[in-house]
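Fold and contact review
Okay, here's what each chain looks like letter by letter:
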Amino acid sequence: MTKQLLLGQVLSFDGNPFETEWTAVAHHRRRGAVLLEGGVIAAVDEADSLRARHPDAEVTDYGDALISAGFIDTHMHYPQTGIIASWGKRLIDWLNTYTFPEEARFADPAYACAMANRTLDLALAHGTTTLTSFGTIHPGSVDAFFEAAAQRGMRVVAGKTCMDRPETTPDFLRDTAQSAYDDSKALLDKWHGVGRALYAITPRFSPTSTEAQLRALGDLWRERPEALMQTHLSEQVDEVEWVKGLYPQSRDYLDTYEAFGLLGEGAIYGHAIHLTGREIARLRDAGASLAHCPTSNTVLGSGLFDLPGLAGKIRVGIATDTAGGNSFSMLRVMAATYEIAQLRGTAIHPAQLMWLATEGGARALRQEGRIGHLGVGAEADLVILDLASTPAIAQRSARAADFWEALFPTLLMGDDRAVRDVWVNGARMAARAG
Ligand code: GUN
Ligand code: ZN
């Protein structure tokens, strides 16, 4: 089997920079190398040393570009790619006006296939190697996504979106408690652990499910605890009020999931902005994860996620929330993560931003060590970043005093133009003139 040796600047982590000082866990090599063999990372070291030890390897020299673990998007909706950047609405109106009519189109398997392929190509062009996506109510939407990902060798998470509450869902986009259970179970058994596919049981959110549906999906998760579970939590103040009205028995929004068995390790809650103290404590104790969606949260006017307060306590990944969010780029998501944390009084270090987009995402998906990690044995999903991809970025990074100062302009100003190359499962996916 061919060995691939990639040369460039190399950034890797061996710990969590929200728990330990970043200087102790972030490792930068000015002239480093990553050796890939059989789809996994076989070594990370200084370039000279690895070249000498592996003279038979095929070499790709990226010069000053940065080799990182590929980006992990922990919450997105591939069926919404076609309605990205739709004007003028907040969450509930946005769902009814733009989202639900578009999602209805996924009854057509050919449309689902076209949009899955388009979304994955866009993600790869932006350096994202793992996506965690909602489907639509149509099982075929999930097949289309997993098939398109398998063609590219990508590790992805997805699930059939379940929604059955008559007063909050349109007739044309509704399943039932029983069909949600049956379809989710069939898809889970068909896809989970096949190749690089991972299944997530996916109630859209409490307002669009009946209690019977949440219970059925909680039962399924108890029967298949190896699956993940994804949904939305406390995104907008109006939505939290709405949930109170729909679930008068519940202590809070999280309780609408907890009461039906939809809280635990492997649960990934998107947004989680307006949390109570009880919810934070339960999320932490249960080992659940949060997907911070900062670009979406500003576009839809949702609020300021408390990353500084939560990242040290709870597993947090970051996410585009395509298409509430207005970009496929995890670099744009890192910029928004930085900006929102500044509004909450904390400057997130570039090492912490890169960790969130890679290792933090893997932890949120309970895939740590397997993806998002530049270390021996991890799956070989990589992004290569040009740290001088535009004239504005280049002139700033040229006067940087150290690596972090050279990296930060790309995190704050970069987009797909910064993505020089992408490797998925040890195979080169895209090459751009650099
Ligand atoms: N809450 C329930 N569904 C959605 C969705 O599709 N996008 C966002 N941003 N929030 C949701
Ligand atoms: Zn979402």
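Our subject is the structure listed above.
The notes below deal with the structure included here. (Residues numbered from 1 in each chain as written. Chains lettered and ligands numbered in written order. Predicted model: local features only at pLDDT ≥ 70, side-chain atom pairs only at ≥ 80, totals over all residues. Heavy atoms only, no water.)

Section: the pattern of salt bridges
When charged atoms on two side chains of opposite charge get close, those side chains can pair. Following the criterion strictly, the structure yields 31 salt bridges and no others. The partner of R222 in a salt bridge is D219, and the shortest N-O contact between them spans 3.0 Å. Here R222 pairs with D219, and both are found in helix α7 (residues 211–223), just 3 residues apart, close to one helical turn. Look at R222 and you get exposed, because its relative accessible area is 56%. (Salt bridge = Lys/Arg side-chain N within 4 Å of Asp/Glu carboxyl O. Helix = DSSP H or I, 4+ residues; strand = E, 2+ residues; numbered from the N terminus. Buried < 20%, exposed > 50% of the residue type's maximum accessible area, 1.4 Å probe, protein only.)

Here's the deal with the packing of aromatic side chains
Counted according to the given criterion, the structure contains 11 aromatic pairs. Centre to centre, the rings of Y253 and Y257 are 5.9 Å apart; their planes meet at 25°, and the pair counts as stacked. A residue pair is termed a helical-turn pair when its members lie 3 or 4 positions apart in one helix, as Y253 and Y257 do in helix α9 (residues 253–258) at 4 residues. Overall, the relative accessible area of 0% leaves Y257 in the buried class. (Phe/Tyr/Trp six-rings, centres within 6.5 Å; stacked < 30°, edge-to-face > 60°.)

A few points about the coordination of the zinc ion (ligand 2)
Protein coordination of the zinc ion (ligand 2) is provided by H75 (NE2), H77 (NE2), H232 (NE2) and D321 (OD), with donor distances spanning 2.0 to 2.7 Å. Angles of 88 to 160° at the metal separate the 4 donor atoms of the zinc ion (ligand 2), which places the site in the irregular class. On the primary sequence, the residues serving as donors to the zinc ion (ligand 2) are separated as H-x1-H-x154-H-x88-D. Of the two residues, H75 sits in strand β5 (residues 71–77) while H232 sits in strand β10 (residues 228–233), which places them 157 residues apart along the sequence. H232 matches H75 in its accessibility class, with the two residues each being buried. (Donors = N, O, S within 2.8 Å, 3.2 Å for Na, K, Ca; no water. Tetrahedral: all angles 85-135°; square planar, octahedral: opposite > 155°, others 65-115°.)

Remarks on the site of ligand 1
Around ligand 1, the structure places H77, Q80, L91, W94, L95, R204, F205, H232, E235, H271, L300 and D321. Q80 is positioned such that a nitrogen or oxygen atom in its side chain is 2.9 Å from an oxygen atom of ligand 1. The separation between a nitrogen atom of ligand 1 and a polar side-chain atom of D321 is 2.8 Å. Out of a free accessible area of 280 Å², ligand 1 has 100% covered by protein chains. With respect to the pocket detection grid, ligand 1 is positioned in the largest cavity. A breakdown of the residues in the shell around ligand 1 according to their chemical character gives 5 nonpolar, 4 polar and 3 charged. (Near = heavy atom within 4 Å. Polar contact = N/O pair within 3.5 Å; in protein donor to acceptor, adjacent residues only side chain to side chain. Areas by Shrake-Rupley, 256 points an atom, 1.4 Å probe, with all protein chains shown as cover. 1 Å grid on protein atoms, 1.4 Å probe; cavity = no way out; pocket = protein on both sides within 12 Å on 5 of 7 lines; lining within 4 Å. Sits in = over half its atoms within 2 Å of the grid points. Nonpolar A, V, L, I, M, F, W, Y, C, P; charged D, E, K, R; others polar.)

Points about the pairing of strand β14 (residues 382–385)
The alternating pattern of β14 places L382 and I384 and V383 and L385 on opposite faces, both of which are buried. Alignment of strand β4 (residues 58–69) against β14, held across 4 bridges, turns out to be antiparallel. Each bridged residue has a counterpart across the sheet, and for I67 the counterpart in β14 is I384. Pairing analysis gives 4 bridges linking β14 to strand β15 (residues 419–424), with the strands arranged antiparallel. Bridge assignment links I384 to a residue of β15, and that residue is D421. (Pairing = 2+ DSSP bridges.)

Here's the deal with the side chain of T208
Looking at the element boundaries, T208 is found in the loop between β9 (197–203) and α7. Overall, T208 belongs to the buried group, its relative accessible area being 1%. If we ignore the near neighbours within four places in the chain, the residues touching T208 are M163, D164, R165, T168, T169 and Q213. (Contact = heavy atoms within 4.5 Å.)

So, the side chain of S184
Residue placement: S184 occurs in helix α6 (residues 177–191). Its relative accessible area of 0% is what places S184 among the buried residues. Not counting residues within four places of it along the chain, the set of residues in contact with S184 comprises K160, C162, S179, Y199, L217 and L220.

Let's talk about the nonpolar core
The biggest cluster of nonpolar side chains holds 103 residues, and the ones touching the most others in it are Y269, L283, L290 and M354. Per element, the largest residue contribution to this core is 7 residues, and it comes from helix α4 (residues 109–125). Aside from chain neighbours lying at most four places away, what touches M354 is L11, F13, L66, S68, F71, M334, L385, L407 and L411. Of all hydrophobic cores here, the second largest spans 15 residues; its members include L6, L36, V44 and Y62. (Core = buried A, V, L, I, M, F, W, Y, C linked by side-chain atoms within 4.5 Å.)

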